[in-house]
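Inside the fold
So the chains spell out like this:
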Amino acid sequence: MTAPYHIPVMGPEVVQWLVTDPQGVYADFTVGGGGHSRLILDQLGEDGLLCGIDRDSDAVAAARAVLPNRIKLWNIRFSAAQSKLENEFGATFSGILMDLGVSSYQLDEAARGFSYRGDGPLDLRMDRESGETAAELLARLSEAELRNLIGRLGEESQAPRIAKAIHNAKAIEPITTTGKLAEIIRRSVPATCVKSLPRVFQALRMAVNHELDELKLGLESAWALLRPTGRLVVLSYHSLEDRPVKQFMQALVHPPLDPLTGIITPAQPPRARYPVRGPLLPSASELKANPRSRSAKLRVIEKLS
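Remember, it's a predicted structure, so these values are computed and weren't measured experimentally.

Regarding the nonpolar core
Among the nonpolar cores identified, the biggest contains 32 residues, and L122, L149, I166 and L181 are the most heavily contacted of them. Of all the secondary structure elements, the ones that give two or more residues to this core are α6 (134–140), α7 (143–153), α8 (159–172), α9 (178–188) and α10 (193–208). Residue contributions to this core peak at eight residues, all from α10. Excluding anything up to four places from it in sequence, L181 contacts L122, L138, I166, I175, F201 and L204. Counting 30 residues, the second-largest nonpolar core is a separate cluster that includes L85, A222, F248 and L252.

Below, the structure is given as structure tokens:
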């Protein structure tokens, strides 16, 4: 692999707000090709520990190729993180990073089927060993279900026209490649295809990988693994990711009010604070060097004692 697996987004900001104890235990919940992990390692002392997880086996393999052997890596989902890491380390983590979204490698490797720019199998699975592919998902969904999925997970206003075009096309022959799907979308909404294409592919990817369910479980797992004063740093790339992250953090920093008294009850004191008010955004220099960072938002919370 000659090109970098993935350029770490907002690397200096991630390290600044994540690493508070150089001798602490840290986790990269989306290790990717190890980009953020290498930056975190540079800030750790001799007794500092770092581990990483990723549901994409290609990502774990890429990370193993560039990270020191002392780093423990696992090919698991967010939903398996708590049991695996708690068994190894307990709830002792000084910081946990979650870099959501898709890596540059996944987008650029046509065989993974994540991008409409190339032509490859319509797969879109993060874990290619389990679950249905995007082609299988399209084959079984009705027109109404397609319309709902594209509108909800793609936030696409042209969902009815696109769903109808896909439904009609698959009645003639199965849609099994990214190129074929992209062609159908371009023909159905030529005036908006530049924006519609990434939205439809996003919707299919999120559905195939159950990303919103996994995100919820990942946030809960990360929070449970943090020690007091430990920090959770999350990078999101669109509103469907950022909204649940924001809501999760707000509920910990500002617990809901008692419906009768209108005040925070003693049983629900704040459990976190904001070390920095978010979201933080990429710098102008980073946007110029890495245009794929343009939609990134970084949020941070710190666990209270």
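Moving on, there is more to tell.
Examining the layout of surface pockets
Estimates place the volume of the second largest pocket at around 260 Å³. Along its surface, the second largest pocket is lined by 16 residues, and R152, L153, M206, A207 and H210 are the ones closest to its centre. Of all elements in the fold, only α6, α7, α10 and α11 (211–225) reach the threshold of two or more residues within the lining of the second largest pocket. For the lining of the second largest pocket, the element with the highest residue contribution is α7, accounting for five residues. When its residues are assigned to classes, the lining of the second largest pocket shows eight nonpolar, two polar and six charged.

Focus on the sheet that holds strand β2 (residues 49–53)
Read across the open sheet, the seven strands follow the order β3-β2-β1-β4-β5-β7-β6; overall the sheet is mixed. Here the strands that pair on one side only, and so sit at the sheet edges, are β3 (72–74) and β6 (272–273). Across the sheet, helix α4 (residues 81–89) touches β1 (25–28), β2, β3 and β4 (93–99), and the angle it forms with β3 is around 155°. Its contacts with the sheet put helix α12 (residues 239–253) on β5 (226–236), β6 and β7 (297–303), and the angle it makes with β7 is roughly 25°.

Notes on the pattern of salt bridges
For the coordinates displayed, the defined rule picks out 16 salt bridges. For R231, the salt bridge goes to E302, with nearest N and O atoms at 2.8 Å. Here the residue R231 occupies a position in strand β5, and E302 occupies one in strand β7, the gap between them amounting to 71 residues. Each of R231, R273 and E302 takes part in salt bridges that share partners, so that together they form one network.

Considerations on the pairing of β4
Counting buried positions along β4 yields seven of seven residues, so the element is predominantly enclosed. Judged from the six bridges that link them, β4 and β5 form a sheet pairing that is parallel. For F93, the partnering residue across the bridge sits in β5 and is L226.

Criteria and cut-off values
- Residues numbered from 1 in each chain as written.
- Predicted model: local features only at pLDDT ≥ 70, side-chain atom pairs only at ≥ 80, totals over all residues.
- Heavy atoms only, no water.
- Core = buried A, V, L, I, M, F, W, Y, C linked by side-chain atoms within 4.5 Å.
- Buried < 20%, exposed > 50% of the residue type's maximum accessible area, 1.4 Å probe, protein only.
- Helix = DSSP H or I, 4+ residues; strand = E, 2+ residues; numbered from the N terminus.
- Contact = heavy atoms within 4.5 Å.
- 1 Å grid on protein atoms, 1.4 Å probe; cavity = no way out; pocket = protein on both sides within 12 Å on 5 of 7 lines; lining within 4 Å.
- Points joined across faces, edges and corners; volume = space filled by probe spheres on them.
- Nonpolar A, V, L, I, M, F, W, Y, C, P; charged D, E, K, R; others polar.
- Pairing = 2+ DSSP bridges.
- Axes fitted to C-alpha atoms, helices over the stretch in contact; angles between N-to-C directions.
- Salt bridge = Lys/Arg side-chain N within 4 Å of Asp/Glu carboxyl O.

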